[in-house]
Amino acid sequence: DYAMNDARIILTVGDGHCIEFAARKEYKRLTDIIMDAPGDPDAKQQAQMELLFDFLEQADFAHLRSSSDLLSGSRNARCTLARDEKGKPKVSAEPI
């Protein structure tokens, strides 16, 4: 069983594109895949969509961008979006 809290999404930021841009782009990509697929989304896709939706709704993007050049897009980074132990979206970043 794929649990909602197991969802992980890798987002790439950089070249002036911040974490918010990357999250919105991935949300659109996943939405397009789900809409084009016959039948219902699988559990993993559904959990990833919910994670992205919650992140886009709840994150303080101005704070995230100002807190790290890895999230602001001024440096290339691989960001991992997941849920913390309380189920809230969290993001970590490492330079690439």
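Residues numbered from 1 in each chain as written. Predicted model: local features only at pLDDT ≥ 70, side-chain atom pairs only at ≥ 80, totals over all residues. Heavy atoms only, no water.

*Asks:* How should the overall build of the chain be read in this particular structure?
*Replies:* Looking only at helices and strands, the chain features four helices and three strands. For the chain, the sequential pattern of α-helices and β-strands runs β-α-α-α-α-β-β. The C-alpha radius of gyration of the chain comes to 13 Å, within 12% of the 12 Å expected for a compact globule of 96 residues. By principal-axis analysis of the C-alpha atoms, the chain measures approximately 40 × 30 × 25 Å. Evaluated residue by residue, the chain yields a buried proportion of 36% over its 96 residues. A fraction of 60% describes how many contacts in the chain between residues 6 or more apart in sequence connect residues 24 or more apart. (Helix = DSSP H or I, 4+ residues; strand = E, 2+ residues; numbered from the N terminus. Rg over C-alpha atoms; globule rule 2.2 N^0.38 Å. Buried < 20%, exposed > 50% of the residue type's maximum accessible area, 1.4 Å probe, protein only. Contact = heavy atoms within 4.5 Å.)

*Asks:* Hey, could you run me through the nonpolar core in this one?
*Replies:* Within soluble globular proteins, side chains that are nonpolar tend to cluster in buried spots. Leu11, Ile19, Phe55, Cys79 and Leu81 are the most contacted members of the largest nonpolar core, which totals 22 residues. For this core, the secondary-structure elements that each account for two or more residues are strand 1 (9–13), helix 1 (19–36), helix 2 (43–58), helix 3 (61–67), helix 4 (69–72) and strand 2 (77–83). For this core, the element with the most residues is helix 2, which contributes six residues. When sequence neighbours within four positions are dropped, the list of residues in contact with Ile19 reads Leu11, Val13, Phe55, Phe61, Leu64, Leu71, Cys79 and Val91. (Core = buried A, V, L, I, M, F, W, Y, C linked by side-chain atoms within 4.5 Å.)

*Asks:* Any chance you could explain the pairing of strand 3 (residues 89–95) here in plain terms?
*Replies:* Consecutive side chains of a regular strand alternate in pointing toward one face of the sheet and then the other. Inspection of the sheet shows strand 2 paired to strand 3 by seven bridges, in the antiparallel sense. Bridging across to strand 3, Ala77 finds its partner in Pro95. Hairpin remark: strand 2 followed by strand 3, antiparallel, with five residues in the connecting loop; positive phi at Gly87, about 90°. (Pairing = 2+ DSSP bridges.)

*Asks:* What is the right way to look at the environment of Leu64 in this model?
*Replies:* Summarising the element assignment, Leu64 is placed in helix 3. Taking C-alpha positions, Leu64 is 8.0 Å from Ile19, a pair spaced 45 residues apart along the chain. The residues contacting Leu64, other than those within four sequence positions of it, are Ile19, Phe55, Ala59, Leu71 and Val91.

*Asks:* Mind showing me how you'd approach unusual backbone geometry here?
*Replies:* Trans is the prevailing form of peptide bonds, just as negative phi is the prevailing case for residues other than glycine. Residue Asp15 is not a glycine yet carries a positive backbone phi of 55°. Among the residues examined, Asp15 registers a relative accessible area of 70% and is labelled exposed.

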